[in-house]
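Spelled out from the first residue to the last, the chains are:
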Amino acid sequence: MARIFYSLALIIISPLIVFYLYVLRGKKNAGYRAHFKERFGFISRASFSNNKPVVFHCASVGEVLAATPLIKALQHEQPQLNILITCNTPTGREQVSAQFKNSVAVSYLPIDFPMATTRFLKRVKPQLLCILETELWPNLMANAHKQNIPVLVVNARLSEKSQQGYEKVAQLTRSIMQSITALASHDKTDANRFIELGLPAEKSHVTGSIKFDITPTTAQLDKVASLKQYYKKAERFIWVAGSTHPIEHEFILAAHQQLLETHPDALLIIAPRHPEQFDKVAELLTHSNLSFSRRSQKNYNNEQIVLADTLGELQYLYGAANISFIGGSLIRRGGHNPLESAAFSVGVLTGPHTYNFDHVYPELIKLKGAHVVENTDELVLALLRLIKNTKACDILGSKAAQCVAKNQGAIAKTLAIITPYLEPKS
C-alpha cells in the first residue's frame with residue numbers, strides 16, 4: 001500500500017519533475033535534454049537484444065569514479081559480460097564514456113514511475129542489478145525483485161540522519177529492504193542500520209569501501225609527471241581546490257589572494273564541481289585582479305590561477321599538486337572524495353563539513369593524511385605552513401597514501417558477492 005501512495009505522489013508531481021529536469025536543469029546544461037526518452041524507460045531495444053546485461057547504477061560522477069575499478073575488475077574476470085551503466089546526470093554519463101569508451105553501454109535510469117521502471121526492465125532484461133551506495137528506488141527494486149532479477153546494493157552507506165529519514169516512511173522502507181538480494185556495506189555500523197530498517201541480517205555483508213581501491217597506473221603517473229612539468233611544480237607551489245561549489249569558489253579565490261601577498265609565485269588550480277559553474281567562476285576571475293587561464297584552452301602562461309574547466313582530469317591535477325583542498329566542505333554540502341588526491345601521495349585539506357565521507361575522513365585524519373580547516377583564514381594559515389615546511393607537506397601526502405593502501409581490498413570482497421549471481425558462461 002505504501003508503494004502505491006508513493007507512486008501516486010510521483011505521478012501527481014510528474015509535471016514538476018519534467019519541468020525541473022528538462023527546463024530548469026536543461027537551461028543550465030543541455031545534456032539534461034538529450035536522451036530524455038530514457039527518463040521514461042524508452043531504452044533502445046537494439047542495444048540490449050538478447051544479451052542480458054549486468055546493470056550498474058551510479059547516480060553521478062562520484063559514484064561512476066568509485067565504481068570504475070570494480071567494474072573494470074569484473075570485466076577482467078568476466079570479459080564475456082555485457083554491462084550497462086545507468087546514471088542520473090549528464091556529467092555522470094560523460095564520465096562513463098571517458099572511463100570505459102565503448103566497452104559498456106550507458107543510459108539514464110528512468111524516473112521511478114511504475115510503468116517507466118517496468119518498461120526499462122522489460123527492454124533491457126538484466127541478469128543482475130547492482131546499485132551503488134544508497135540509490136534506493138522503490139519501484140525499480142520491487143519490479144526487479146518481482147521479475148526474479150537479483151538486486152545487489154554495493155558500497156552501501158547509510159548515515160544516522162538518512163536512517164531517521166527512512167524510519168519516517170517505515171512501510172515503504174520495509175518494501176525496499178525486502179527487494180534487496182544482498183547488500184555490501186562499508187562497515188558494521190552501516191550494516192546494522194540497514195538491518196534495523198528491515199533488511200534480513202543474512203543478506204548483509206561488510207566489505208569496506210571500494211573507494212579506497214585506487215592504484216595509479218603507469219599511464220596515469222606519466223600524465224601526472226607531464227602536468228607537473230607543464231605547470232612548473234619544481235618552481236611553484238601548486239594547490240588544487242577540487243569540486244568547489246558556489247560561495248566556496250569565492251572563499252578559495254580570497255584565500256589565494258591572501259597567499260599571493262607573501263608568495264607571489266603560488267599557483268591555484270580551481271576545479272568547480274559542476275560544469276555549469278565553469279563560466280561563472282571565469283566571470284568571477286575576470287572581475288578580479290587575478291590573472292588566470294582556462295585548462296580547456298591549453299594556453300597556460302604562468303598565470304596565478306588555472307580554471308580546470310575540463311572533465312575527467314581532476315585526479316591527475318591533484319597528483320600534480322603539492323597539496324589539495326577538497327570542496328563541498330567549507331559550506332554544508334558534505335564534502336567530496338579525498339582519496340583521488342591521497343592515492344597520488346598528495347595530502348588533503350578539508351573544511352569541517354565532510355558527512356558524505358564519514359567512512360573516509362576519520363581514518364584519513366587519524367593517520368595524519370588530512371587536516372581540517374574551519375574557515376578561509378585557517379585555510380590560508382595551513383597553506384602558509386605547508387609552503388614554508390615542504391617536508392611536512394610531503395609527510396602529509398605520504399600518510400594519505402598509506403591510508404589508502406591500508407584500507408584496500410573491498411573490490412575483491414565485493415566481486416565475491418557479485419559473482420554467484422551471474423548467469424553461467426555460455
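The rules behind each value
Residues numbered from 1 in each chain as written. Predicted model: local features only at pLDDT ≥ 70, side-chain atom pairs only at ≥ 80, totals over all residues. Heavy atoms only, no water. Helix = DSSP H or I, 4+ residues; strand = E, 2+ residues; numbered from the N terminus. Contact = heavy atoms within 4.5 Å. Pairing = 2+ DSSP bridges. Axes fitted to C-alpha atoms, helices over the stretch in contact; angles between N-to-C directions. Salt bridge = Lys/Arg side-chain N within 4 Å of Asp/Glu carboxyl O. Buried < 20%, exposed > 50% of the residue type's maximum accessible area, 1.4 Å probe, protein only. Polar contact = N/O pair within 3.5 Å; in protein donor to acceptor, adjacent residues only side chain to side chain. Core = buried A, V, L, I, M, F, W, Y, C linked by side-chain atoms within 4.5 Å. UniProt positions renumbered as here; feature names shortened; annotations may be inferred. Disulfide = S-S within 2.5 Å. Parallel < 35°, antiparallel > 145°, perpendicular 65-115°, else oblique. Left-handed = near helix turned anticlockwise from the far one by under 90°.

## Some thoughts on the environment of Tyr-22
Next, step 1: Tracing the backbone shows Tyr-22 in helix α2 (residues 14–28).
Next, step 2: Sequence separation of Tyr-22 and Glu-283 is 261 residues, and the distance between their C-alpha atoms is 26 Å.
Next, step 3: If we ignore the near neighbours within four places in the chain, the residues touching Tyr-22 are Lys-27, Arg-33 and Phe-36.

## Overview of the sheet that holds strand β11 (residues 305–307)
Next, step 1: Spatially, 7 strands are ordered β10-β11-β9-β8-β12-β13-β14 in an open sheet, and the strand pairing comes out parallel. Edge positions in the sheet fall to β10 (292–294) and β14 (370–372), since each of these pairs with one other strand and no more. Neighbouring strand axes in the sheet, compared pairwise and without regard to direction, differ in orientation by 20° on average.
Next, step 2: By the bridge criterion, 4 bridges tie strand β8 (residues 238–244) to strand β12 (residues 323–326) in an arrangement that is parallel. Bridging from a neighbouring strand, Val-240 pairs with Ser-324 of β12.
Next, step 3: Relative to the sheet, helix α12 (residues 278–286) contacts β9 (267–272), β10 and β11, its axis offset from that of β10 by approximately 160°.
Next, step 4: Relative to strand β13 (residues 347–350), helix α16 (residues 376–388) is tilted by about 160°, and along the sheet it contacts β8, β12, β13 and β14.

## Focus: the pattern of salt bridges
Next, step 1: Under the counting rule described, the total for this entry stands at 10 salt bridges.
Next, step 2: Glu-133 serves as the salt-bridge partner of Arg-157, at 3.0 Å between the closest nitrogen and oxygen. Of this pair, Arg-157 sits in the loop between β5 (151–156) and α7 (160–167) while Glu-133 sits in the loop between β4 (128–132) and α6 (138–146), and the two are 24 residues apart along the sequence.
Next, step 3: Since its relative accessible area comes to 22%, Arg-157 is described here as partly exposed.
Next, step 4: Members of the salt-bridge network, linked through shared partners, are Glu-133, Arg-157 and Lys-211.

## Here we look at the side chain of Gln-277
Next, step 1: Secondary-structure assignment places Gln-277 in the loop between β9 and α12.
Next, step 2: Among the residues examined, Gln-277 registers a relative accessible area of 11% and is labelled buried.
Next, step 3: At 3.4 Å, the side chain of Gln-277 forms a polar contact with the side chain of His-249.

## Some remarks on the pairing of β5
Next, step 1: Counting buried residues along β5, 6 of its 6 residues qualify, which places the element largely inside the surrounding structure.
Next, step 2: With 4 bridges connecting them, β4 and β5 associate as parallel partners. In the strand pairing of β5, Ile-131 is matched with Val-153.
Next, step 3: Looking at chain direction, β5 and strand β6 (residues 182–185) are connected through 3 bridges and run parallel. Across the sheet, the residue bridging to Ala-156 is Ser-185, located in β6.

## Quick notes on the nonpolar core
Next, step 1: With 33 residues, the main nonpolar core has Tyr-231, Leu-267, Ile-269, Leu-317, Leu-339 and Leu-364 as its most contacted residues.
Next, step 2: Not counting chain neighbours up to four residues away, the residues in contact with Leu-317 comprise Leu-227, Tyr-231, Val-240, Ile-269 and Ala-308.
Next, step 3: Among the nonpolar cores identified, the runner-up in size contains 31 residues, and Leu-285, Phe-325, Leu-330 and Leu-386 belong to it.

## So, the environment of Ile-214
Next, step 1: By the element assignment, Ile-214 lies in the loop between β7 (204–206) and α10 (218–230).
Next, step 2: Taking relative accessible area as the criterion, Ile-214 reaches 18% and is therefore assigned buried.
Next, step 3: As for Ile-214 and Glu-340, which are separated by 126 residues in sequence, their C-alpha atoms are 7.5 Å apart.
Next, step 4: Those residues in contact with Ile-214 that lie beyond four places of it in its chain are Leu-339, Glu-340, Ala-343, Val-404 and Gln-408.

## Digging into the UniProt feature "transmembrane region" (unreviewed entry) in the chain
Next, step 1: Feature annotation in UniProt places "transmembrane region" (unreviewed entry) on residues 6–24, given in this structure's numbering.
Next, step 2: The distance from the first to the last C-alpha atom of residues 6–24 is 24 Å, and the span holds 95% helix and 0% strand.

## Some thoughts on unusual backbone geometry
The phi angle of most residues is negative, glycine excepted, and most peptide bonds adopt the trans form.
Next, step 1: Even without glycine at this site, Lys-125 takes up a positive phi of about 55°.
Next, step 2: Structurally, Lys-125 can be placed in the loop between α5 (114–124) and β4.
Next, step 3: In this structure, Asn-302 is a non-glycine residue whose phi angle is positive, near 65°.
Next, step 4: By the element assignment, Asn-302 lies in the loop between β10 and β11.

## Quick notes on the state of the cysteines
Next, step 1: Scanning the entire structure with this criterion turns up 0 disulfides.
Next, step 2: Among the cysteines around Cys-87, which has no disulfide bond, Cys-58 carries the closest sulfur, lying 7.9 Å off.
Next, step 3: Cys-87 gets classed as buried once you look at its relative accessible area, which sits at 0%.

## Quick look at the packing of helix α3 (residues 61–77) against helix α4 (residues 90–100)
Next, step 1: It is the contact of α3 with α4, at a shortest axis distance of 10 Å, that shows an interaxial angle of 30°. Comparing the axis directions of α3 and α4 gives the class roughly parallel. For the pair α3 and α4, the crossing hand works out as right-handed. Contacts between α3 and α4 involve Val-61, Val-64, Leu-65, Thr-68, Ile-71, Lys-72 and Gln-75 from the first element and Thr-91, Gly-92, Gln-95, Val-96, Gln-99 and Phe-100 from the second.

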